[in-house]
Amino acid sequence: MSLQCCKFAVARVALVIMLMFSCFGTLEAAEPAFLNIAQMAVVRQQLRHHRAAPPTAEAYRHLLMAADAALKKPNLSITDKGMMPPSGSKHDYLSLSAYWWPDERKTAGLPWIRKDGQVNPASKNDQSDGVRLADFTARVQNLALAWYFSGEQKYANKAAGLLRTWFITPQTRMNPNLNFAQGVPGIAPGRNAGVLDGRYFSTRIVDSLVLLQGNPAWQDNDEQQMQTWLKDYLHWLLTSNLAKKEGRTKNNHGNWYLTQVAGIAWYLGDNAVIRHMATLMEKKLDVQLQPDGTQPAELARTRSFHYSYFNLQAISMMAVLAQKNGIDLWHYQTPQGGSVLKSLSFMANFTDDNVPWPYKTLDQIRVRPVPLLSWADNATGEKRYQQQIRRATFTLPPTVKTTSGDYHEDATHGAVLEAERETWLLTLPSFATGYVAPQPSARKHSLPD
């Protein structure tokens, strides 16, 4: 087949997918918020016909491994925690701030003190909900994607069961708030920084729900109750003093707030909220991004590489969603001459392991920014980062044997897998066979009665 014919075939598939998703009747969010569904449809065909690029096939293999593991595990509930929230209800989310520790100089260690970058193990056990929420949302995402690409109903069945247990079933459901997120003993039962925990409701759950729409495992009643939960949660995000304070922060926390709100608003069809979040994002970029591409608020952290990436991840995901609403954040220029692309170009230099990161940092996973570079090239139609994307390898670190004889994965394991998936499975680099450019949204944005 000629190159011209190949391009025509890919474009035809993309058009069919766009038309299909524009024709859903009562549910307006049939197109994912952050995913390029036309691109994913092409990748799915490549996988089924064994024509996928090696890194795509490898990312798919890792996805199925994660989904198969999730099939064997029990459903997770907010009520599984050992600690009781100040409200007296285990249906309220409760997490402890990761970087805060008991003060050894004080009686009972109160109030706790901050040690930036040093994770307190007490924040990562099953007595609170922080790890449980991340685990739950990751399982749902893995299962929904595994169903989409494989067509095997068992994955959708499990994803639907997890969703019902967490959000719908009266005995196990979560109340739609984060009033007690990232609390610090002796200081506050919940803090605005805890709103960051909820970003996964937007970045993982929203698009998983979209993928499950129409599946026999996810009925209309499930969908209606899920919409009600997300409406209530969005109301909390927009009206709670705790959440509004988070929205005013001028570092990655504020950007993740905007991206979280926008993703849920997309699912609920509230286009006005999305536009407002994009406008607020521009104002935040004005004070965050320097003309040389640095991000001073993130470089001040002890994990400066991670937070420089982490902030750009929030911005890039917002740019992906904004582009679907006709808003171009990729080329937005701050009054001082900063931009998303300049900051991505700065980080692109350090995806090369041989280029030393010139700032103090406790960790650095060099491959992490690669999907952001690919998204930017795809969105702008340029080839600014092609060299870094082509050079990237997603080599997994070795498993580590514990004193008990068990094996666990290195902390970077999940980050590398996620970068591989986002670059080669959920999207494709613009130079890859079967690449489909992002398309303007074909859906409406009004809510049904």
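In the block above lies the structure referred to throughout.
Here we summarise the structure given alongside this text. (Residues numbered from 1 in each chain as written. Predicted model: local features only at pLDDT ≥ 70, side-chain atom pairs only at ≥ 80, totals over all residues. Heavy atoms only, no water.)

### Some points on unusual backbone geometry
Point 1. Geometrically, the link from Leu110 to Pro111 is a cis peptide bond, its omega value of -10 degrees lying close to zero.
Point 2. Here Pro111 lies in the loop between strand 2 (100-101) and strand 3 (113-114).
Point 3. Phi is positive for His50, which is not a glycine, with a value near 55 degrees.
Point 4. Looking at where His50 falls in the secondary structure, it is placed in the loop between helix 2 (37-48) and helix 3 (54-71).
Point 5. His50 gets classed as exposed once you look at its relative accessible area, which sits at 73%.
Point 6. Even without being a glycine, Gln182 presents a positive backbone phi close to 50 degrees.
Point 7. Positionally, Gln182 belongs in strand 4 (residues 180-183).
Point 8. When its relative accessible area of 13% is taken as the criterion, Gln182 is described as buried. (Helix = DSSP H or I, 4+ residues; strand = E, 2+ residues; numbered from the N terminus. Buried < 20%, exposed > 50% of the residue type's maximum accessible area, 1.4 Å probe, protein only.)

### Notes on the pattern of salt bridges
Point 1. Per the counting criterion, the structure on display carries 15 salt bridges.
Point 2. Across the pair Asp103 and Arg105 runs a salt bridge, and its minimum N-O distance is 3.0 Å.
Point 3. A residue is classified by how much of its surface remains accessible, and Asp103, at 3% relative accessible area, is buried.
Point 4. In this structure, Glu418 and Arg368 form a salt bridge, with 2.7 Å as the shortest nitrogen-oxygen distance. Taken together, the residues Glu418 in helix 16 (residues 413-424) and Arg368 in the loop between helix 13 (340-348) and helix 14 (370-380) connect sequence positions 50 residues apart.
Point 5. By relative accessible area, Glu418 is classed as partly exposed at 26%.
Point 6. Owing to a relative accessible area of 9%, Arg368 belongs among the buried residues under this scheme.
Point 7. Beyond isolated ion pairs, a larger network of salt bridges with shared partners links Lys81, Asp129 and Arg132. (Salt bridge = Lys/Arg side-chain N within 4 Å of Asp/Glu carboxyl O.)

### Focus: the packing of aromatic side chains
Point 1. What the rule picks out here adds up to 18 aromatic pairs.
Point 2. Plain terms: the ring middles of Tyr233 and Trp236 are 6.2 Å apart, the flat faces sit at 10 degrees to each other, and that makes the pair stacked. Highlighted residues: Tyr233 and Trp236, both in helix 7 (residues 220-239), separated by 3 residues, approximately one helical turn.
Point 3. Here Tyr233 falls in the buried class, since its relative accessible area comes to 0%.
Point 4. Residue classification places Trp236 among the buried positions, given a relative accessible area of 10%.
Point 5. Three or more aromatic residues joined by ring pairs make a cluster, and in this case those are Phe136, Trp166, Phe167, Phe201, Trp229, Tyr233 and Trp236. (Phe/Tyr/Trp six-rings, centres within 6.5 Å; stacked < 30°, edge-to-face > 60°.)

### Observations concerning the packing of helix 10 (residues 271-288) against helix 12 (residues 304-324)
Working note: a packed helix pair is described by the angle between its axes plus the distance between those axes.
Point 1. Between helix 10 and helix 12, whose axes approach to 11 Å, the crossing angle comes to 145 degrees. As for how helix 10 packs across helix 12, the hand of that crossing is left-handed. Counted together, Ile274, Met277, Ala278, Met281, Leu285 and Gln288 of helix 10 and Asn311, Ala314, Ile315, Met318 and Ala322 of helix 12 form the full contact between these two elements.
Point 2. Here the residues of the contact of helix 10 with helix 12 sort into 9 nonpolar, 2 polar and no charged. (Axes fitted to C-alpha atoms, helices over the stretch in contact; angles between N-to-C directions. Left-handed = near helix turned anticlockwise from the far one by under 90°. Contact = heavy atoms within 4.5 Å. Nonpolar A, V, L, I, M, F, W, Y, C, P; charged D, E, K, R; others polar.)

The values reported here are purely geometric and, on their own, carry no functional implication.
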